[in-house]
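Geometric and topological summary
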Amino acid sequence: MVDLDIALAILGTGSCAILYLSPIPSIIKAISTKDLQEISYTFLIMTHITPLTWIIYAIQSNNANLLIPNSLNSSIALIYILIYHYVDRSLLSFSFKYVPCVLVCYLLGFYLFSL
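In this report, we go over the structure that sits alongside the text. The structure displayed is predicted, hence computed values, not measured ones.

Rules and cut-offs
- Residues numbered from 1 in each chain as written.
- Predicted model: local features only at pLDDT ≥ 70, side-chain atom pairs only at ≥ 80, totals over all residues.
- Heavy atoms only, no water.
- Helix = DSSP H or I, 4+ residues; strand = E, 2+ residues; numbered from the N terminus.
- Contact = heavy atoms within 4.5 Å.
- Areas by Shrake-Rupley, 256 points an atom, 1.4 Å probe, with all protein chains shown as cover.
- Lys, Arg positive; Asp, Glu negative; His and termini not counted.
- Charge placed at Lys NZ, Arg CZ, Asp CG, Glu CD.
- Salt bridge = Lys/Arg side-chain N within 4 Å of Asp/Glu carboxyl O.
- Buried < 20%, exposed > 50% of the residue type's maximum accessible area, 1.4 Å probe, protein only.
- Phe/Tyr/Trp six-rings, centres within 6.5 Å; stacked < 30°, edge-to-face > 60°.
- Core = buried A, V, L, I, M, F, W, Y, C linked by side-chain atoms within 4.5 Å.
- Axes fitted to C-alpha atoms, helices over the stretch in contact; angles between N-to-C directions.
- Parallel < 35°, antiparallel > 145°, perpendicular 65-115°, else oblique.
- Left-handed = near helix turned anticlockwise from the far one by under 90°.
- Patch = residues over 30% accessible without salt bridge, like charges linked within 9 Å, V, L, I, M, F, W, Y side chains within 5 Å.

Of the regular secondary structure elements, the protein holds 5 helices and 0 strands. Across the protein, helices and strands are ordered from the amino to the carboxyl terminus as α-α-α-α-α. Dimensions along the principal axes, computed over C-alpha positions, put the protein at roughly 50 × 35 × 15 Å. Residue pairs in contact within the protein that sit at least 24 positions apart in sequence constitute 65% of those at least 6 positions apart. Summed over its atoms, the accessible surface of the protein is roughly 7700 Å², and 72% of this surface lies on carbon and sulfur atoms. If the 4 positive side-chain charges of the protein are averaged to one point and the 5 negative ones to another, these points end up 20 Å apart.

Under the definition given, this model contains 1 salt bridge. A salt bridge links E38 to K29; the nearest nitrogen and oxygen atoms lie 2.6 Å apart. Relative accessible area serves as the criterion here: at 41%, K29 is assigned to the partly exposed category.

Another aspect to go through is the packing of aromatic side chains. Per the stated rule, a full pass over the model turns up 2 aromatic pairs. Look at W54 and Y57: their rings are 6.0 Å apart centre to centre, the planes differ by 85°, and that puts the pair in the edge-to-face class. Taken together, the positions of W54 and Y57, both in helix 3 (residues 41-61) and 3 residues apart, correspond to about one turn of that helix. Classification of W54 by relative accessible area gives partly exposed; the value is 40%.

The next thing to look at is the nonpolar core. Among the nonpolar cores identified, the biggest contains 18 residues, and L36, I39, L44, Y80, I81, Y84 and Y98 are the most heavily contacted of them. Looking at this core, the elements with two or more residues in it are helix 2 (24-33), helix 3, helix 4 (64-88) and helix 5 (91-114). Considering every element that reaches this core, the biggest residue donor is helix 4, with 6 residues. The contacts of Y84, once residues within four sequence positions are left out, are L36, I39, Y41 and L44.

One can describe the packing of helix 3 onto helix 4 by two numbers: an axis separation of 8 Å at closest approach and a directional angle of 150°. The orientation of helix 3 relative to helix 4 falls into the category roughly antiparallel. For helix 3 against helix 4, the interelement crossing comes out left-handed. Where helix 3 approaches helix 4, its residues Y41, L44, I45, T47, H48, P51, L52, W54, I55, Y57, A58 and I59 are matched on the opposing element by L66, L67, N70, S71, N73, S74, A77, L78, Y80, I81, Y84 and H85.

On the surface, L78, L82, Y86 and L91 cluster together into a nonpolar patch covering about 320 Å² of accessible area. Ranked by the residues each element gives to the nonpolar patch, the list is headed by helix 4, at 3 residues. On the secondary structure map, Y86 appears in helix 4. For Y86, a relative accessible area of 44% translates into the label partly exposed.

So this is what it looks like as structure tokens:
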């Protein structure tokens, strides 16, 4: 049974890695051409919000097995969003709009999980 658990953990981690690394070719093209047509901003936001919710749950449940990979995924997604705003020349907009939104999501998540 332990072998099945390890195999499923490897399969899950591998599939998440593929998902979070899949935008790399589009991002490289966007950087070189300065064209953001191929990158869905909604996808980038969702790839950041999804692991954030898991991070909140992992912290509340004291589960390092959820915290570590989702922290990595969240960091990768945040780097993608920063690159998007760098190419779009809107880093100032990012700092005033997106960062407070993420902080509110964190606080709301911690509040809801503490009920």
